[in-house]
Amino acid sequence: MDRVALRGLKARGHHGVFPREREEGQTFIVDLVLGLDTRAAAASDDLAKTVHYGVVAEEVVAAVEGEPVDLIETLAERIADQCLKHEGVKEVEVVVHKPDAPITVPFDDVTITITRSAV
């Protein structure tokens, strides 16, 4: 399976369990790896035979900016579901970064990584 990766998609969302997170929002960063067969696209040089990663990026940002959820696990699942709606995408790995998570000790990042496959 071939891979198309998008790294560092940034958007502001209001996800979290604490009132401050819901009210003020924070930046979330998303990395994606889409699994698909790109041979037909490569042979024909035709965008319609692969995934349009610009569209995928816009959808991911819309998901982050959309309806708030408590958990980044839920947000990652929502993003994975959207990616798998694209024809040809057989698998997706989603990493959601929450670098401004409300943690009381020094840290660099909090992430959730999920992998989902088309049924």
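Parameters at a glance
Residues numbered from 1 in each chain as written. Predicted model: local features only at pLDDT ≥ 70, side-chain atom pairs only at ≥ 80, totals over all residues. Heavy atoms only, no water. Helix = DSSP H or I, 4+ residues; strand = E, 2+ residues; numbered from the N terminus. Expected span 1.5 Å × (residues − 1). Buried < 20%, exposed > 50% of the residue type's maximum accessible area, 1.4 Å probe, protein only. Arc of directions from axis to C-beta. Contact = heavy atoms within 4.5 Å. Salt bridge = Lys/Arg side-chain N within 4 Å of Asp/Glu carboxyl O. Pairing = 2+ DSSP bridges. Axes fitted to C-alpha atoms, helices over the stretch in contact; angles between N-to-C directions.

*Asks:* Report on helix α4 (residues 72-83), specifying residues and quantitative values.
*Replies:* The end-to-end C-alpha separation of α4 is 16 Å, in line with the 16 Å expected for 12 residues at 1.5 Å each. Along α4, the positions that sit buried rather than exposed are I72, L75, A76, I79, A80 and C83. Down the axis of α4, the buried set is contained in an arc of 135°. They therefore lie on one face. For α4, the elements touching its buried residues are β2 (26-36), α3 (53-65), β3 (91-97) and β4 (111-117).

*Asks:* So what's going on with the pattern of salt bridges? Residues and values would help.
*Replies:* Under the criterion given, the structure shown has six salt bridges. Residues R3 and E91 are paired through a salt bridge, measuring 3.3 Å at the closest nitrogen-oxygen approach. Placement of R3 in strand β1 (residues 2-13) and of E91 in strand β3 is noted, with a sequence separation of 88 residues between them. Taking the relative accessible area as the measure of exposure, R3 reaches 48% and is therefore partly exposed. On the accessibility criterion, E91 (22% relative accessible area) is partly exposed.

*Asks:* Give a detailed account of the sheet that holds β1, specifying residues and quantitative values.
*Replies:* Taken in spatial order, the four strands make up an open sheet running β1-β2-β3-β4, and their pairing is antiparallel. With one partner strand each, in any of the chains shown, β1 and β4 form the two edges of the open sheet. The average angle at which neighbouring strand axes cross in this sheet is 15°, direction not considered. Two strands pair when backbone bridges link them, and β2 and β3 are joined in this way by seven bridges, in the antiparallel orientation.

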